[in-house]
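Residue-level structure breakdown
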Amino acid sequence: MSDRSLLVVVLAAGEGTRMKSRLPKVLHKVAGRTMLHHVLAATSAAGATRTAVVVGPGREDVAAEATRIVPDAQVFVQTERLGTAHAVLAARAALEQGADDVLVLYADTPLVRPETLARLRAPLAEGAAVAALGFEPEDPTGYGRLVTSGDELVAIREEKDATAAEKAIRFCNAGLMALSGKDALSILDRIGNANSKGEYYLTDAVEIARADGRSAVAAKADVDEVAGVNSRIQLAEAEAILQKRLRLSAMAEGVTLIAPETVFFSADTVLGRDVIVEPHVVFGPGVTVGDDVVIHAFCHLEGAQLAPGVSIGPYARLRPGTRLDEGVRIGNFVETKAAHIESGAKVNHLSYVGDAHVGAGANLGAGTITCNYDGFFKYRTEIGAGAFIGVNSALVAPVTIGAGAYVGTGAVITSDVPEDALAIARSRQVVKEGWAKDFRAARADAKKKG
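The structure reproduced in this document is the subject of the present report.

Analysis parameters
Residues numbered from 1 in each chain as written. Predicted model: local features only at pLDDT ≥ 70, side-chain atom pairs only at ≥ 80, totals over all residues. Heavy atoms only, no water. Phe/Tyr/Trp six-rings, centres within 6.5 Å; stacked < 30°, edge-to-face > 60°. Helix = DSSP H or I, 4+ residues; strand = E, 2+ residues; numbered from the N terminus. Buried < 20%, exposed > 50% of the residue type's maximum accessible area, 1.4 Å probe, protein only. Pairing = 2+ DSSP bridges. Patch = residues over 30% accessible without salt bridge, like charges linked within 9 Å, V, L, I, M, F, W, Y side chains within 5 Å. Areas by Shrake-Rupley, 256 points an atom, 1.4 Å probe, with all protein chains shown as cover. Salt bridge = Lys/Arg side-chain N within 4 Å of Asp/Glu carboxyl O. Lys, Arg positive; Asp, Glu negative; His and termini not counted. Charge placed at Lys NZ, Arg CZ, Asp CG, Glu CD. Contact = heavy atoms within 4.5 Å.

1. Section: the packing of aromatic side chains
Counted according to the given criterion, the structure contains six aromatic pairs. Between the aromatic rings of phenylalanine 265 and phenylalanine 283, the centroid separation amounts to 5.1 Å while the plane-to-plane angle is 20°, which identifies the pairing as stacked. Of this pair, phenylalanine 265 sits in the loop between β12 (256–257) and β13 (270–271) while phenylalanine 283 sits in strand β15 (residues 282–283); the two residues are 18 residues apart in sequence, bridging distant segments of the chain. Side by side, phenylalanine 265 and phenylalanine 283 carry an identical accessibility label, which is buried. Each ring, one from tryptophan 435 and one from phenylalanine 439, has its centre 5.2 Å from the other, and the planes form 5°; the classification is stacked.

Right, here's the structure in full:
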């Protein structure tokens, strides 16, 4: 259907009061992405040529997220909440520009797949005026029913208006709908509000299309895909569904997950082949991992790029801006941030490397700290290739350690160290015989005196 234009209208004006949050519902995240982001990513993959997002009054934050993801998205404000059809008509200007197909989606339904949207849209190319997405839950109670006759969708009946026979139908309305672009405005404008709530329901589009002699059909989706999120509990359920998808996809592509249920991915995590991920690892957004990488247990990664053959952890934290070249070793209780560590370098124990460049083959001993922040500004540390930094050293940025240089154990380095030089910067050891004994006696005497 690449030859057919597609306008996507995403409804994102819901208040989400059941979330009990100052954050708009659609900006809550699943697998590191906002729910709105998930929906817009799916529509983009499904071939959207134009995008309209309907937001609530004063929701500049939702509008900003929409245009961050789809820069040319049109944003419309639904000033009153008078039903789903009313919400779609808030984007009238976009509808008037015309499109072969129109898809209506909800920003709080983040799990729908692009292929499902393509399947929903497909009947429009064959002449249908309306296509609705349905699913079959274990318990249909509370859902609108899709009333069908053969291949035709006859009506979408709300449960409170359904007959006993209609309530026995298990095929339920997911809410997502496709409309023929040339018919969309005509159908939407004729939807009335003669119902108990006085609202304009998008579901009425089916019977209006049929009254025009046009066909309406239904497409089917998996239950998980159309799960809406209206509470923190449902947010957690959506997270679990998406994490299962991501884990299965990773393993299918050649990744070993030792304990899959303990590993959490972001939607944009990229993993190479023959990667091994041990238990209790969390991937935040923006992580790319090359082939043959080993990520040991209890690591947290975000905004990091790992070249092939890297090993990290256990208990390592890679923060945004971390770039590890081939064969780098990051050990236990090491934290990196905005650091480029070149091939074969090692940071094996209890270290912090931030705002730094570490040359190939360098070795940073346990407890090495790059002191990059003075309370006002960040400064960089440069460590040359093959340099050796002794245990418990503090490198006070801005500072450069030359290639092949040695820094002695316990040093506090405040000036540049030339290539192949040795830098020792620590106080001379002083021993006072009997001091500890006298100190304890003085403390005991003070305690007796109260």
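2. Digging into the pairing of strand β8 (residues 145–149)
Where β8 lies against strand β9 (residues 152–157), five bridges are found, and the strand directions are antiparallel. Note that in β9 the partner of valine 147 across the bridge is alanine 155.

3. Digging into a negative patch on the surface
On the surface, Asp274, Asp291, Asp292 and Glu326 cluster together into a negatively charged patch. Residue aspartate 291 is classed as partly exposed on the basis of its relative accessible area of 36%.

4. Thoughts on the environment of leucine 117
Mapped onto the elements of the fold, leucine 117 is located in helix α5 (residues 114–125). What leucine 117 contacts, discounting residues up to four positions off in sequence, is Ala42, Thr43, Ala46, Leu103, Leu105, Val112 and Leu176.

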